[in-house]
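Summary of structural features
Chain by chain, the residues:
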Amino acid sequence: KDMALLAAILSIGPFGGANYLVEGGTTSKGSANVAAGLVLSVLVGVFAVFVRKPRFALLYINITILLCVSLPRAFAIGYTSDKDISLRADTPLYYLHTAAGLLVATVIFVEPFYCDE
């Protein structure tokens, strides 16, 4: 039951990253979804085998979601065409998005140190 909930939460990352792969023209939607499913399986497996401590669950969730969404955007989208630049740079509510990102990064860093065991 706990691993199913973890998988549901973590799915935000791989499937969000898969959208960037499709939008960037790197792969087809079907291939991106299969890859996202495999990455999700690996992420849940890594938590179940190596991490296992509830204290680090939120940290693990946040970092994996951020990496799964950020890495495809950074490495799989080109930088020469107008479409690529638009995918990288056009962020609605840019300042709010930046402030929210900084807040999330702060919470990710601070959370493991202030959790009760």
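About the thresholds
- Residues numbered from 1 in each chain as written.
- Predicted model: local features only at pLDDT ≥ 70, side-chain atom pairs only at ≥ 80, totals over all residues.
- Heavy atoms only, no water.
- Helix = DSSP H or I, 4+ residues; strand = E, 2+ residues; numbered from the N terminus.
- Buried < 20%, exposed > 50% of the residue type's maximum accessible area, 1.4 Å probe, protein only.
- Contact = heavy atoms within 4.5 Å.
- Areas by Shrake-Rupley, 256 points an atom, 1.4 Å probe, with all protein chains shown as cover.
- Lys, Arg positive; Asp, Glu negative; His and termini not counted.
- Charge placed at Lys NZ, Arg CZ, Asp CG, Glu CD.
- Core = buried A, V, L, I, M, F, W, Y, C linked by side-chain atoms within 4.5 Å.
- Axes fitted to C-alpha atoms, helices over the stretch in contact; angles between N-to-C directions.
- Parallel < 35°, antiparallel > 145°, perpendicular 65-115°, else oblique.
- Left-handed = near helix turned anticlockwise from the far one by under 90°.
- Nonpolar A, V, L, I, M, F, W, Y, C, P; charged D, E, K, R; others polar.
- pLDDT = per-residue confidence, 0-100.

1. Focus on the overall build of the protein chain
- Within the protein chain, the regular secondary structure consists of 6 helices and 0 strands.
- Sequence-ordered secondary structure for the protein chain, helices as α and strands as β, is α-α-α-α-α-α.
- If one aligns the C-alpha atoms of the protein chain with their principal axes, the spans along those axes are about 50 × 35 × 20 Å.
- Considering the protein chain as a whole, with its 117 residues, one finds that 26% of them fall into the buried category.
- At a minimum sequence separation of 6, the contacts of the protein chain that also span at least 24 residues come to 65%.
- As presented, the protein chain carries roughly 8,000 Å² of accessible surface, and 70% of it is formed by carbon and sulfur atoms.
- Here the protein chain contributes 8 positive and 8 negative side-chain charges, whose respective centroids are spaced 6 Å apart.

2. Observations regarding the nonpolar core
- Core analysis: the biggest nonpolar cluster contains 11 residues, these being Leu-6, Leu-10, Leu-40, Leu-43, Val-44, Phe-47, Ala-57, Tyr-60, Ile-61, Ile-65 and Cys-68.
- Put simply, the parts of the chain that give this core at least two residues each are helix 1 (2-10), helix 3 (29-51) and helix 4 (57-75).
- For this core, the element with the most residues is helix 4, which contributes 5 residues.
- Once you skip the residues sitting within four places of it in the chain, Val-44 turns out to touch Met-3, Ala-7 and Leu-10.

3. Observations regarding the packing of helix 2 (residues 12-23) against helix 3
- At a minimum axis distance of 9 Å, the contact between helix 2 and helix 3 shows a crossing angle of 150°. Between helix 2 and helix 3, the angle falls in the class roughly antiparallel. Considering how the two elements wind past one another, helix 2 and helix 3 form a crossing that is right-handed. When helix 2 is examined against helix 3, the residues Pro-14, Phe-15, Ala-18 and Val-22 are found in contact with a partner set consisting of Lys-29, Ala-32, Asn-33, Ala-36, Gly-37, Val-39, Leu-40 and Leu-43.
- Per-class residue counts for the contact of helix 2 with helix 3 are 9 nonpolar, 2 polar and 1 charged.

4. Some remarks on the environment of Tyr-60
- For Tyr-60, the location among the structural elements is in helix 4.
- For Tyr-60, a relative accessible area of 12% puts it in the buried group.
- A sequence separation of 17 residues divides Tyr-60 from Leu-43, and the C-alpha atoms of the two residues are 9.3 Å apart.
- Apart from the residues within four sequence positions on either side, Tyr-60 is in contact with Leu-10, Leu-43, Val-46, Phe-47 and Val-51.

5. Quick word on unusual backbone geometry
- Residue Arg-52 is not a glycine yet carries a positive backbone phi of 55°.
- Residue position: Arg-52 is located in the loop between helix 3 and helix 4.

6. Quick word on the confidence of the model for the protein chain
- When pLDDT is averaged across the protein chain, the result is 83; 94% of the residues are at 70 or more.
- No element of the protein chain has a lower mean pLDDT than helix 5 (residues 82-89), at 74, and none a higher one than helix 3, at 94.

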